[in-house]
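Residues per chain, in single letters:
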Amino acid sequence: MNKPRFSDIARHLKEGITSGHYPVGTLLPTELELRDHYKTSRHTVRAALQELQQLGLVSRRKNVGTRVESATPQVGFQQSLASVEDVVQFGATHVRVVREVETVEAKGALARLLGCAEGTAWLRISSLRMDEEQPELPICWTDLYMDPAYADLVERVRDSPETLVSTLIEQQYGRRVVEIVQQLQALEVPAAMARQLGVETGSAAMQIVRRYLDAGGETIDVTVTVHPADRFSLTMRLQRSAG
């Protein structure tokens, strides 16, 4: 039998919380107990618990445990980013639905947005990110730009909706992401995108541009993602350096 994915464990624990099996104020089983119960790794258990924390269902404290804080998930989606692995986790828990694939030349505003030379050719894959539990409410719209030389990956992108495109590039071409540069900007949702997201044209949104870089600082791919304002918040942890 295959080991359960962390999304499966999170879903099962969520059902236990919302049904009252794990009442508000009580502690969930420990990571080790959950690891043994689900016959999986501790890393997978931690990813599942982080998913519950992002939904506002639990809080986690060192030497205390995971406490149930609410039986009702928060509205919308909250993303917590502290590492490249967190971005990969986002891809694993929210599936991609490809809408368009085309080759484009970056000119003007697009070239400036992508940080490339005028006339640079890109393969653009446009998609929606969906939560399988709320398919009527897309999380975001993403335009992904990569080298047209990677065009043979398109079918794998369609067939692997839970895997980041950068991960597919790494698997096939050996280019490993070691850094992600992220830029955020508020904007108004354009008409065509508004229809896909199910929001009003001109409504508020947050645009996130992520540049996935290899060890040499070269761009592997770039994603431009638009989140409706009421469906997304971003949490980042900042720690003081040892010095």
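As the structure is a prediction and not an experimental result, all values here were calculated from the model.

### Considering the overall build of the protein chain
Here is step 1 of the chain: Helix and strand counts for the protein chain stand at 8 helices and 10 strands.
Here is step 2 of the chain: Relative to its full complement of 243 residues, the protein chain shows a buried share of 42%.
Here is step 3 of the chain: Counted over contacts in the protein chain with a minimum sequence separation of 6, partners at least 24 positions apart contribute 59%.
Here is step 4 of the chain: Accessible area of the protein chain: about 13300 Å², with a carbon and sulfur share of 49%.

### Regarding the sheet that holds strand 4 (residues 95–106)
Here is step 1 of the chain: Taken together, 6 strands build an open sheet; the order of strands is 4-5-6-9-8-7 and the sheet is antiparallel. Of all strands in the sheet, those bounded by a partner on one side alone are strand 4 and strand 7 (179–188). Averaged over all adjacent pairs, the angle separating strand axes in this sheet is 20 degrees, with direction ignored.
Here is step 2 of the chain: Pairing of strand 4 with strand 5 (residues 120–130) involves 11 bridges; the strand directions are antiparallel. The residue bridging E105 from the neighbouring strand is A121, located in strand 5.

### Points about the nonpolar core
Here is step 1 of the chain: The biggest cluster of nonpolar side chains holds 18 residues, and the ones touching the most others in it are L13, I17, L28, L49 and L52.
Here is step 2 of the chain: With residues up to four places along the chain from it excluded, the contact list for I17 reads Y22, L28, L52, L57, V58, V68, S70 and A71.
Here is step 3 of the chain: Counting residues in each nonpolar core, the second largest holds 15 residues, with I125, M146, V157 and Y212 among its members.

### Some points on the packing of helix 2 (residues 31–38) against helix 3 (residues 42–54)
Here is step 1 of the chain: Remark: helix 2 packs on helix 3, axes separated minimally by 9 Å, with the N-to-C direction vectors making an angle of 110 degrees. The orientation of helix 2 with respect to helix 3, classified from their angle, is roughly perpendicular. Every pair of crossing elements has a handedness; the one defined by helix 2 and helix 3 is right-handed. Two secondary-structure elements touch here, helix 2 through E31, L32, L34 and R35 and helix 3 through R42, V45, R46 and L49.
Here is step 2 of the chain: Per-class residue counts for the contact of helix 2 with helix 3 are 4 nonpolar, no polar and 4 charged.

### What to know about the environment of R210
Here is step 1 of the chain: Mapping R210 onto the fold places it in strand 8 (residues 204–213).
Here is step 2 of the chain: Overall, the relative accessible area of 4% leaves R210 in the buried class.
Here is step 3 of the chain: For the pair R210 and V222, spaced 12 residues apart in sequence, the C-alpha to C-alpha distance is 5.6 Å.
Here is step 4 of the chain: A polar atom in the side chain of R210 sits 2.5 Å from the side chain of Q182.

### Topic: helix 2
Residues that lie three or four places apart on an α-helix share one face, since the helix turns once every 3.6 residues.
Here is step 1 of the chain: Among the residues of helix 2, those classed as buried are E31, L34 and Y38. In a view along the axis of helix 2, the buried residues occupy a sector of 65 degrees, so they form one face of it.
Here is step 2 of the chain: Against the buried residues of helix 2 lie helix 1 (6–18), helix 3 and strand 1 (58–61).
Here is step 3 of the chain: Where helix 2 terminates, the next one or two residues include K39, which has phi positive at roughly 55 degrees.

### As for the side chain of S166
Here is step 1 of the chain: Counting through the fold element by element, S166 comes out in helix 7 (residues 165–173).
Here is step 2 of the chain: A residue is classified by how much of its surface remains accessible, and S166, at 5% relative accessible area, is buried.
Here is step 3 of the chain: Those residues within four positions of S166 in sequence are excluded, and the remaining contacts are R175, V177, Y212 and D221.

### What about the environment of G217?
Here is step 1 of the chain: Looking at the secondary structure, you find G217 in the loop between strand 8 and strand 9 (219–228).
Here is step 2 of the chain: Judged by relative accessible area, G217 falls into the partly exposed class, the value being 43%.

### Some details on unusual backbone geometry
Here is step 1 of the chain: One non-glycine residue, K39, adopts positive backbone phi at about 55 degrees.
Here is step 2 of the chain: On the secondary structure map, K39 appears in the loop between helix 2 and helix 3.
Here is step 3 of the chain: For K39, a relative accessible area of 65% gives the class exposed.
Here is step 4 of the chain: Even without glycine at this site, N63 takes up a positive phi of about 70 degrees.
Here is step 5 of the chain: Tracing the sequence through the fold places N63 in the loop between strand 1 and strand 2 (65–68).
Here is step 6 of the chain: Judged by relative accessible area, which is 78%, N63 ranks as exposed.

Cut-offs and rules
Residues numbered from 1 in each chain as written. Predicted model: local features only at pLDDT ≥ 70, side-chain atom pairs only at ≥ 80, totals over all residues. Heavy atoms only, no water. Helix = DSSP H or I, 4+ residues; strand = E, 2+ residues; numbered from the N terminus. Buried < 20%, exposed > 50% of the residue type's maximum accessible area, 1.4 Å probe, protein only. Contact = heavy atoms within 4.5 Å. Areas by Shrake-Rupley, 256 points an atom, 1.4 Å probe, with all protein chains shown as cover. Pairing = 2+ DSSP bridges. Axes fitted to C-alpha atoms, helices over the stretch in contact; angles between N-to-C directions. Core = buried A, V, L, I, M, F, W, Y, C linked by side-chain atoms within 4.5 Å. Parallel < 35°, antiparallel > 145°, perpendicular 65-115°, else oblique. Left-handed = near helix turned anticlockwise from the far one by under 90°. Nonpolar A, V, L, I, M, F, W, Y, C, P; charged D, E, K, R; others polar. Polar contact = N/O pair within 3.5 Å; in protein donor to acceptor, adjacent residues only side chain to side chain. Arc of directions from axis to C-beta.

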